[in-house]
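Coordinate analysis (summary)
Chain by chain, the residues run as shown.
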Amino acid sequence: MKKLSLIGSTGSIGTQTADVVRMLEKVGTEEDKIKVVGLAAHSNIKLLEEQAREFRPEVVAVFNEQAASELKAKLADTDVKVIAGEDGVCEVAGLSSADVTLNSCTGMIGLLPSLAAIRAGKDLALANKESMVTGGAIVTSEAARMGVKILPVDSEHSAIFQCLQGCHDKKQLKRLIITASGGPFFGKTLDELKNVTPAQALNHPNWDMGSRVTIDSATMFNKGLEIMEAKWLFDVDIDNIDAIVHRESIVHSLIEYDDNSVIAQLGVPDMRIPIQYALTWPNRYPSPVKQLNLTDYAKLTFYPADEETFKCLASCKKALRRGGLAPTAINGADEEAVKLFLAGKIGFTDIAELVTAAMDNQPDTDDVTVESIFDADRKARDFVIDAVK
């Protein structure tokens, strides 16, 4: 039986991971099942208590220390240990009894748990893009040093990972093609986007995601993050990574070989497929996901990404080409800008302007450490806040 530590258990990916664990309980043999040994979340103790009572992990961590105290009192009748703070979350990520850690935190907060899991010798099922965007060189180096696997959970990277299972010689790989839904504003002009409201931006046509990821999808910043992540996950140069818009979200990504043959992974837009594959790789089992019936779709469409209107995508590519701390700066600026947009303090198109300016403000450097990453992140956030003031 595989033992799992789940970081970000109350979020969108975390709750869908719980669905996968329940499904695997019903199929396969005893050793095919998943035992949850650790849970961690930010502050949603109502749901976290329910998860703790259902899965009976050894330990639960709550990032918010006051919420941790409340949860400890609520779980006093159980043998579940409750710990608090960033150190507590990292402790759960590197839990000695776990075989694999699934990190589904959103944002920079996820970097340290990813490193904690890797340094504890755990395979890392990764749904936290920022771990690779900001610390890709450090994370991949540490994973190689510890001999652990990084298994992608994002649907696009899982699709590439699945397609690559039949690749016997990576030198024959020509291109990665990452698909994007285009979000709710595909085909709009810059003028049409100026008065977009948070409610409109949160209305994604295909996926049910957290608020920041949904806004990032609307600006296409999310696709820029995925290109940066793909570079580190698959060791592919940016010139060999493309993004195209695929409105139906059925083809999740593709790979192209030297002979120009292309292999794609398809499925209904449901994150439980990539979550389950990351947890059960290299095996496959029945899943709670609806079966894909291609005749339900009149057509599958593909379009070039509009980098002139959705400037975040072009800026992310620029950040990746610059390297150093530029990706950290653009990510930190985006986290702050999205908060300001959701609070009604800036406009939708201001997000791209702010993240680009913050990235341009970051000096070039080869000094990329965990400390310098967090320093650059803080300065980029401050840049955005000062610019809005």
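Right above here is the structure, for reference.
All values reported here derive from a predicted model rather than from experimental measurement.

**Some details on the overall build of the protein**
- In terms of helices and strands, the protein carries 16 helices and 12 strands.
- In summary, the protein has a C-alpha radius of gyration of 20 Å against a globular reference of 21 Å for 389 residues, a match within 12%.
- On the principal axes, the C-alpha backbone points of the protein span a range of 55 × 50 × 40 Å.
- Residues classed as buried in the protein amount to 55% of the 389 residues present.
- Contacts in the protein between residues far apart in sequence, at least 24 positions, make up 68% of those at least 6 positions apart.

**With respect to helix α5 (residues 111–119)**
- Taken together, the buried positions of α5 are Leu111, Pro113, Ser114, Leu115, Ala117 and Ile118.
- Positive phi appears at Gly121, one or two residues downstream of α5, with a value of about 80 degrees.

**A closer look at the sheet that holds strand β2 (residues 34–41)**
- Taking strand neighbours across the sheet as the criterion, the seven strands line up as β4-β3-β2-β1-β5-β6-β7 in an open arrangement whose pairing is parallel. Two strands bound the open sheet, and with one partner strand each, they are β4 (81–84) and β7 (150–152). Sheet twist, expressed as the average angle between the axes of neighbouring strands with direction ignored, equals 20 degrees.
- Sheet strands touched by helix α2 (residues 45–55): β2 and β3 (59–62). Its angle to β2, the strand with the most contacts, is close to 160 degrees.

**Digging into the environment of Ala159**
- You can see Ala159 is positioned in helix α7 (residues 155–163).
- C-alpha of Ala159 to C-alpha of Ser253: the two residues are 94 residues apart in sequence and 5.5 Å apart in space.
- Filtering out sequence-adjacent residues up to four positions away, Ala159 remains in contact with His252, Ser253 and Gln265.

**Details of the sheet that holds strand β12 (residues 303–304)**
- Here five strands make up an open sheet; going across it, the order is β11-β10-β8-β9-β12 and the pairing mixed. Taken across any chain shown, the strands that pair with only one partner, and hence form the sheet edges, are β11 (262–266) and β12.
- Sheet topology places strand β10 (residues 251–257) next to β11; five bridges connect them, and they run antiparallel. Residue Ile255 lies in a different strand from β11, and its bridge partner there is Ile263.
- Together, β8 (173–180), β10 and β11 form the strand contacts of α7, whose direction differs from that of β10 by roughly 40 degrees.

**Thoughts on the pattern of salt bridges**
- Throughout the structure, instances matching the rule amount to 33 salt bridges.
- Glu335 is the salt-bridge partner of Arg212, the closest N and O atoms lying 3.6 Å from each other. Here Glu335 lies in helix α14 (residues 326–342) and Arg212 lies in helix α10 (residues 211–219), a separation of 123 residues in the sequence.
- For Arg212, a relative accessible area of 11% gives the class buried.

**Topic: the pairing of β10**
- Burial analysis of β10 places seven of its seven residues in the buried class, which makes it a mostly covered element.
- Taken together, the five bridges between β8 and β10 define a ladder with antiparallel strand orientation. Within the sheet, the bridge partner assigned to Arg175 lies in β10 and is Glu256.
- Counted along the chain from β10 to the antiparallel partner β11, the turn is four residues long, and its residue Asn260 has a positive phi close to 70 degrees.

**Concerning the pairing of β4**
- Of the strand pairs in this sheet, β3 and β4 are connected by four bridges, and their pairing is parallel. Looking across to β4, one finds that Ala61 is bridged to Ile83.
- Between the parallel pair β3 and β4, the chain is carried across by helix α3 (residues 65–74), and the sense of this crossover is right-handed.

**Some thoughts on the packing of helix α6 (residues 129–146) against helix α11 (residues 221–234)**
- For the pair α6 and α11, interaxial distance at closest approach is 8 Å and the crossing angle is 20 degrees. Overall, the two elements α6 and α11 adopt an arrangement that is roughly parallel. Like other packed secondary-structure pairs, α6 and α11 cross with a definite hand, here left-handed. Residue-level inspection shows Lys129, Glu130, Met132, Val133, Gly136, Ala137 and Thr140 of α6 in contact with α11, the latter providing Asn222, Leu225, Glu226, Met228, Glu229, Trp232 and Leu233.
- For the contact of α6 with α11, the per-class residue count stands at seven nonpolar, three polar and four charged.

**Topic: the state of the cysteines**
- The full count for this structure, using the stated rule, is zero disulfides.
- In this model Cys163 remains outside any disulfide bridge; the closest cysteine sulfur is found in Cys167, 11 Å from its own.

Calculation rules
- Residues numbered from 1 in each chain as written.
- Predicted model: local features only at pLDDT ≥ 70, side-chain atom pairs only at ≥ 80, totals over all residues.
- Heavy atoms only, no water.
- Helix = DSSP H or I, 4+ residues; strand = E, 2+ residues; numbered from the N terminus.
- Rg over C-alpha atoms; globule rule 2.2 N^0.38 Å.
- Buried < 20%, exposed > 50% of the residue type's maximum accessible area, 1.4 Å probe, protein only.
- Contact = heavy atoms within 4.5 Å.
- Pairing = 2+ DSSP bridges.
- Axes fitted to C-alpha atoms, helices over the stretch in contact; angles between N-to-C directions.
- Salt bridge = Lys/Arg side-chain N within 4 Å of Asp/Glu carboxyl O.
- Right-handed = clockwise from strand over helix to strand, strands pointing away.
- Parallel < 35°, antiparallel > 145°, perpendicular 65-115°, else oblique.
- Left-handed = near helix turned anticlockwise from the far one by under 90°.
- Nonpolar A, V, L, I, M, F, W, Y, C, P; charged D, E, K, R; others polar.
- Disulfide = S-S within 2.5 Å.

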